[in-house]
Amino acid sequence: MGGSTGCWVSETLRSSIGKKGLMAVTGLMLFGFVVIHLLGNLQVYLPDKQALTQYGHLIKSKPAVLWGARLSLLAIVLVHAAAAILLAMENSAARPVKYHVRQWREAGYAARTMIISGPLILAYVVYHLLHFTTGHAHPDFNPDDVYRNVIVGFQNKAVALTYIVAMVMLATHLSHGLWSLCQTLGFNHPKYTPALRFASIAVATAIGAGYISIPVSVMLGILK
Amino acid sequence: MKLILHIWRQRGPNDAGKMVSYDVPDASPEMSFLEMLDVLNERLIEKGEEPVAFDHDCREGICGMCGIVINGIPHGPRPATTTCQLHMRTFNDGDQIFLEPWRAKAFPVVRDLVVDRSAFDRVISAGGFVSVNTGSAPEANSVPVAKKDADLAMDAAQCIGCGACVAACPNASAMLFTSAKVSHLGILPQGRPEAATRVQKMVSQMDAEGFGNCTNTRECEAACPKSIGVEFIARMNREYLCAALTDRPEAEGGGGV
Ligand code: HEM
Ligand code: FES
């Protein structure tokens, strides 16, 4: 900032818009991960039942890359969550006395519950890692047979339902998050914003449906 | 029309305050909302009670003084309408109406429905000066302004600083107000020289006042009596992030390269 002391990077990142920018950039990265992860998972439908397992082996065959990606994702999630929590604390402090009556006209359910869907997704991610990555939460885990781990895992209805609920939450989070991140980074124009808002919901729904299809297919016996 | 009003009563900044109910048996659909409150207040004064304090000045939708959260919506249910321009025909006989002040830490309640909005003034003055010469009117074509830029700047300049955006925001954020003030100068060539410094100073003052952060819910846009859109917020985000990367502090002796 013109003439002020202090480091411009930290000053920018600590501002309201800077923290939102961090959320937006990390949110975009997490979105990228979610898309790639979905494409990887959809290999479960390939006729070759070894495809998913081989993909798993491929990822694990390069420990440096694997751990680089894991640690980057962890850092991204931490920044995203830390910024979310800081922003949310400031937001609740900004209105100490609540309204008796409140009507919403534009704010949708997804937009108002980002700070709830976010932490729930995080909790799900922890469970998901214990379930399919380390196997601690899996009844019959075999690190060398990814395909079978998925089938056996989702044959438990409660587990399948947990995944479905979590993915509805993820889709909800993204349905607001995708257009929100564009707005935060300064992209808003009558030319494309209506399309962007529609695409945000459409892409989030497609991602949710893609993930949900897997436990549903296992429960229906389509995948076995 | 017969109405039941539930009004926030608070004697002063340090009073806890509470909702108090009043009957208004004789409102007419032609009255403006504030005239209806005038009628109530006259009756309260006759009874020796303290009248309800509310802000107003022009009563024609241009000054930005009025502002009441009516049934959970700043300035009430009609889009693009200030409280003073709202008429009782918008309501039905027998309605219960809740009246509350703007709620934000940065807008402390002075009394009843009146809040102190001087935080907005400080955000504006933090923006600093604009390089416009005073004196006689300049020759109209000396600084050409494209029609579309003039229109956009005028859209932003519609802001009357009423604070409904803050009141409507689930986070009590002042982004719509600040973005309108940043934009109406920043879009015009006259406002460009100081644009990068202006946006940074205004945003940091906005943050210092204790407003919340934008979560892009667009409630502000719906509440704005001047229909200022969140496009200006994106514009400010853009200008702010670019300014952080490109603005250079004034260097002593030279351009600082
Ligand atoms: C797979 C995980 C996640 C993805 C893909 C994701 C994606 C996104 C995106 C794209 C945004 C939009 C950024 C913006 O508003 O500019 C966002 C916002 C947000 N996220 Fe996440 N997120 C994830 C996990 C989380 C977690 C774990 C939390 C919990 C702390 C969280 C909390 C939030 C909050 C509070 C917002 C702000 C919403 C707003 O300002 O409107 N997210 N997320
Ligand atoms: S009193 Fe001036 S805008 Fe309502």
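Our structure's up above, just so we're on the same page.
Below, the structure is looked at part by part. (Residues numbered from 1 in each chain as written. Chains lettered and ligands numbered in written order. Predicted model: local features only at pLDDT ≥ 70, side-chain atom pairs only at ≥ 80, totals over all residues. Heavy atoms only, no water.)

### Description of the site of ligand 1
Then step 1. Around ligand 1 sit 24 residues in total, of which Lys-20, His-80, His-173, Ser-180 and Thr-184 of chain A are the nearest.
Then step 2. Near ligand 1, the surrounding residues are drawn from chains A and B.
Then step 3. Here Lys-20 of chain A contributes a side-chain N or O atom positioned 2.4 Å from an oxygen atom of ligand 1.
Then step 4. Contact distances for ligand 1 include 3.5 Å between an oxygen atom and a backbone N or O atom of Leu-181 of chain A. (Near = heavy atom within 4 Å. Polar contact = N/O pair within 3.5 Å; in protein donor to acceptor, adjacent residues only side chain to side chain.)

### With respect to the state of the cysteines
All names here are of chain B.
Then step 1. For the coordinates displayed, the defined rule picks out 0 disulfides over all chains.
Then step 2. Cys-165 takes part in no disulfide bond, and the closest cysteine sulfur to it belongs to Cys-162, at a distance of 6.5 Å.
Then step 3. Judged by its relative accessible area of 9%, Cys-165 is buried.
Then step 4. Unpaired in terms of disulfides, Cys-220 finds its nearest cysteine sulfur in Cys-214, a separation of 6.5 Å.
Then step 5. Judged by its relative accessible area of 11%, Cys-220 falls in the buried class. (Disulfide = S-S within 2.5 Å. Buried < 20%, exposed > 50% of the residue type's maximum accessible area, 1.4 Å probe, protein only.)

### Observations regarding the pairing of strand E1 (residues 3–9) of chain B
Residue and element names in this part refer to chain B.
Then step 1. Counting buried residues in E1 gives 6 out of 7 residues, a clear majority hidden from the surface.
Then step 2. Note: E1 against strand E2 (residues 18–24), 7 bridges, orientation antiparallel. Residue pairing across strands places Leu-5 opposite Tyr-22, the latter belonging to E2.
Then step 3. Sheet topology places E1 next to strand E5 (residues 96–100); 4 bridges connect them, and they run parallel. Bridge pairing in E5 links Ile-4 to Gln-96. (Helix = DSSP H or I, 4+ residues; strand = E, 2+ residues; numbered from the N terminus. Pairing = 2+ DSSP bridges.)

### Observations concerning the interface of chain B and chain A
Often, the extent of an interface is quoted as the loss of accessible area on bringing the components together.
Then step 1. Contacts between the two partners involve 55 residues from chain B and, on the opposite side, 41 residues from chain A.
Then step 2. Across the interface of chain B and chain A, roughly 4000 Å² is buried in total on both sides, 54% from carbon and sulfur atoms.
Then step 3. Connecting chain B to chain A are 1 salt bridge.
Then step 4. With its nearest N and O atoms 3.1 Å apart, the salt bridge here joins Arg-218 of chain B to Glu-106 of chain A.
Then step 5. Counting across the interface, chain B meets chain A through 31 residue pairs in polar contact (both at pLDDT 80 or more).
Then step 6. The set of elements that each furnish at least two residues to the side of chain B that touches chain A consists of strand E4 (73–74), E5, helix H4 (164–168), helix H6 (195–208), helix H7 (219–223) and helix H8 (231–246) of chain B. (Contact = heavy atoms within 4.5 Å. Buried area = accessible area lost by both parts, 1.4 Å probe. Salt bridge = Lys/Arg side-chain N within 4 Å of Asp/Glu carboxyl O.)

Interpretation in functional terms is not warranted from these geometric data alone.
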